[in-house]
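# Descriptive analysis of the structure
Listed below are the residues making up each chain.
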Amino acid sequence: MAKPKPRYITVDGQSMVALTPQEYAALSAMRRQVGALGSRLRIVRETLKVTNDLLSALVTALEAEHVTGRGTAAEAGHPVSVLLSSAPGLIARAHRVAGKGRDRAGRRRRR
């Protein structure tokens, strides 16, 4: 099926694209779908940020209570030691995945 060639019209000196009612309905449906996906992504990003903050707090608490002097984390082989050694990488990855986010005014935050 060939892609339809856009039909341009001029209204009050401005160039516009003319759509059939079917094309307009399809375009509106796509806009709704993209809007819904964007909303879901914002929810996932916020959930990831909250989970990441919880993980950071948990790592800090575990490091404060972790008994040292039994060798390095890799030598000790304890589950807590293994988790503590892998946590910084997971936290950094979650920060990269979550992105910069938006401020309260809806603008992208700068780092």
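Scanning the chain from N- to C-terminus turns up three helices and two strands. Start at the N end of the chain and walk to the C end: the helices and strands fall as β-β-α-α-α. The buried share among the 111 residues of the chain stands at 10%. Put simply, of all contacts in the chain between residues at least 6 apart along the chain, 32% involve residues at least 24 apart. Carbon and sulfur atoms make up 61% of the accessible area of the chain, which amounts to about 9,600 Å² in all.

Predicted confidence across the chain gives a mean pLDDT of 78, with 76% of residues reaching 70 or more. The element-level mean pLDDT for the chain is lowest in helix α2 (residues 73-76), coming to 49, with strand β2 (residues 14-18) highest at 93.

With that settled, consider the pattern of salt bridges. Evaluation of the coordinates by the stated rule reveals two salt bridges. When the shortest N-O distance is used, the salt bridge between arginine 7 and glutamate 23 registers 2.9 Å. Of this pair, arginine 7 sits in strand β1 (residues 7-11) while glutamate 23 sits in helix α1 (residues 21-65), and the two are 16 residues apart along the sequence. Taking relative accessible area as the criterion, arginine 7 reaches 35% and is therefore assigned partly exposed. Among the ionic pairs, lysine 49 bridges to glutamate 46, the shortest N-O distance being 3.7 Å. With lysine 49 and glutamate 46 both in helix α1 and three residues apart, the pair spans about one turn of that helix.

The next subject is unusual backbone geometry. Positive phi outside glycine occurs at aspartate 12, with the angle close to 50°. Inspection of the secondary structure puts aspartate 12 in the loop between β1 and β2. By relative accessible area, which is 78% here, aspartate 12 ends up exposed.

Moving on: the pairing of β2. As paired strands, β1 and β2 are joined by five bridges and run antiparallel to one another. The partner of valine 11 across the bridge, within β2, is glutamine 14. From the end of β1 to the start of β2, which pair antiparallel, there are two residues, and aspartate 12 there has a positive phi angle of about 50°.

Looking now at a nonpolar patch on the surface. A cluster of nonpolar side chains, Tyr8, Val17, Leu19, Tyr24, Leu27 and Met30, forms an exposed patch at the surface whose accessible area comes to about 650 Å². With three residues, the single largest contributor to the nonpolar patch is α1. Residue position: valine 17 is located in strand β2. With relative accessibility at 44%, the residue valine 17 sits in the partly exposed group.

Reading the values: the criteria
Sequence order sets the numbering: in each chain, residues are counted from 1 along the sequence as written. Per-residue local features are limited, in this predicted model, to residues with pLDDT of at least 70; the limit for side-chain atom pairs, both in listing and counting, is 80 or more; totals at the level of whole chains, interfaces and linings are taken over all residues. Excluding hydrogens and water, the side-chain figures rest on all heavy atoms present in the structure. Each helix corresponds to a stretch of at least 4 residues labelled H or I by DSSP, and each strand to a stretch of at least 2 residues labelled E; elements are numbered beginning at the N terminus. Relative accessibility under 20% of the residue-type maximum defines a buried residue, over 50% an exposed one, and the middle range a partly exposed one, all with a 1.4 Å probe and only protein chains included. For this analysis, residues touch if any pair of their heavy atoms sits within 4.5 Å. Method for areas: the Shrake-Rupley scheme with a 1.4 Å probe, in which residue coverage is limited to the protein chains shown. Values of pLDDT, which run from 0 to 100, indicate the predictor's confidence residue by residue. Any carboxyl oxygen of Asp or Glu that lies within 4 Å of a side-chain nitrogen of Lys or Arg is treated as forming a salt bridge with it. Two strands pair under a simple rule: DSSP has to find at least two bridges between them. In this analysis, a patch consists of residues with relative accessible area above 30% that form no salt bridge, clustered at 9 Å for like charges and at 5 Å for the nonpolar side chains Val, Leu, Ile, Met, Phe, Trp and Tyr.

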